[in-house]
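Listed below, chain by chain, are the residues.
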Amino acid sequence: MTILLYDLVGSDAGRPYSPHCWKATMALAHKGLDFKSVPTRFLDVPEVENGASKLVPVIRDGDAVVSDSFAIALYLEKTYPDRPTLFGGPGGEAMARFVERWSQATLHPYLGAAALMDIYERQSDDNKTYFRNSREARFGKSLEEVASNRDAGLAAFRASLEPLRSTLTYQKWIGGEGPLFCDYIVFGALQWVRVMSPFQVIADGDLVQEWFGRCLDLHGSLGRRVPAAA
Ligand SMILES: N[C@@H](CCC(=O)N[C@@H](CS)C(=O)NCC(=O)O)C(=O)O
């Protein structure tokens with residue numbers, strides 16, 4: 001049976017962009033499962049599966065409804081153990097949690113701010129109002145103020161990728177010999193910006209950019225089906 005993935009989009013339904021939804025997309029593709037992305041705008045999220053979650057991604061797999069990207073990956077691993085592994089065992093699960101926390105703490109604040117105005121501009125009018133009000137309440141300042149550090153913060157952001165860059169001198173994937181869910185966690189963060197903003201966060205020639213290109217090539221170049229934002 002086809003799994004449904006409620007996937008965040010802006011005014012262009014063909015441009016899913018949420019970092020967390022991309023993690024779920026790549027996890028489903030990694031498992032080789034048949035799934036269908038359901039384009040979901042911010043204001044649609046409360047209606048998803050009768051209010052199953054305030055956030056997407058949410059998946060429906062038969063009778064099972066699962067929300068939260070990490071919980072979705074764990075669910076897929078448990079439910080489809082004969083498909084390619086997303087974690088490589090319990091130790092891999094625990095380490096993927098570290099990568100998720102690192103990504104949230106180190107990557108998301110800068111990337112979210114860097115793409116903020118582009119994400120805002122790519123919403124329909126009613127979703128723009130929701131986005132501005134909810135984010136300004138969260139940040140305690142205007143969207144424009146949050147986004148204003150983009151250029152000044154770029155060098156520090158690139159430097160903060162050094163643990164990843166250095167890891168990639170030892171191995172091709174964060175997961176080791178092949179990609180695992182930990183790769184998709186970081187991929188999702190960078191894909192968020194690629195899909196919504198023309199701003200170049202990683203320099204050409206950077207090992208991180210090369211790894212990101214390899215991620216874009218995975219699963220029939222799934223990540224490239226959405227062109228980079230122009
Ligand atoms: N921890 C969650 C975070 C999910 C999340 O933050 N989703 C955002 C989109 S990136 C969302 O649904 N936001 C809805 C809203 O802000 O109203 C996960 O990993 O899935």
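Residues numbered from 1 in each chain as written. Predicted model: local features only at pLDDT ≥ 70, side-chain atom pairs only at ≥ 80, totals over all residues. Heavy atoms only, no water.

**Considerations on the pairing of strand β2 (residues 35-40)**
In terms of strand pairing, strand β1 (residues 3-8) meets β2 through 6 bridges, oriented parallel. Note on β2: the bridge partner recorded for D7 is P39. Following the backbone out of β1, through helix α1 (residues 19-30) and into the adjacent parallel β2, one traces a crossover that is right-handed. (Pairing = 2+ DSSP bridges. Helix = DSSP H or I, 4+ residues; strand = E, 2+ residues; numbered from the N terminus. Right-handed = clockwise from strand over helix to strand, strands pointing away.)

**Thoughts on the layout of surface pockets**
Approximately 910 Å³ is the volume attributed to the largest pocket. What lines the largest pocket is a set of 35 residues, and nearest its centre among them are H20, F42, L55, R135 and R138. Counting only elements with at least two residues in the lining of the largest pocket, the list comes to α1, α3 (90-114), α4 (116-121) and α5 (125-139). A total of 7 residues in the lining of the largest pocket trace back to one element, the largest contributor, which is α3. Broken down by class, the residue content of the lining of the largest pocket amounts to 19 nonpolar, 9 polar and 7 charged. Each of domain 1 (3-79) and domain 2 (90-225) accounts for three or more of the residues forming the lining of the largest pocket. (1 Å grid on protein atoms, 1.4 Å probe; cavity = no way out; pocket = protein on both sides within 12 Å on 5 of 7 lines; lining within 4 Å. Points joined across faces, edges and corners; volume = space filled by probe spheres on them. Nonpolar A, V, L, I, M, F, W, Y, C, P; charged D, E, K, R; others polar. Domains from an automatic or database assignment.)

**Focus on the pairing of β1**
Counting buried residues along β1, 5 of its 6 residues qualify, which places the element largely inside the surrounding structure. Of the pairings in the sheet, the one linking β1 to strand β3 (residues 58-61) comprises 3 bridges and is antiparallel in character. Note that in β3 the partner of Y6 across the bridge is V58. (Buried < 20%, exposed > 50% of the residue type's maximum accessible area, 1.4 Å probe, protein only.)

**A closer look at the sheet that holds strand β4 (residues 64-67)**
A sheet is described by the order of its strands in space; here 4 strands give the open sequence β2-β1-β3-β4, paired in mixed fashion. Each of the sheet's edge strands pairs with one partner strand only, and the pair in question is β2 and β4. On average, each strand axis in the sheet is tilted by 20° relative to the strand beside it, whichever way the strands run. The strands touched by helix α2 (residues 69-79) are β3 and β4; relative to β4, the strand with the most contacts, the crossing angle is about 140°. (Axes fitted to C-alpha atoms, helices over the stretch in contact; angles between N-to-C directions. Contact = heavy atoms within 4.5 Å.)

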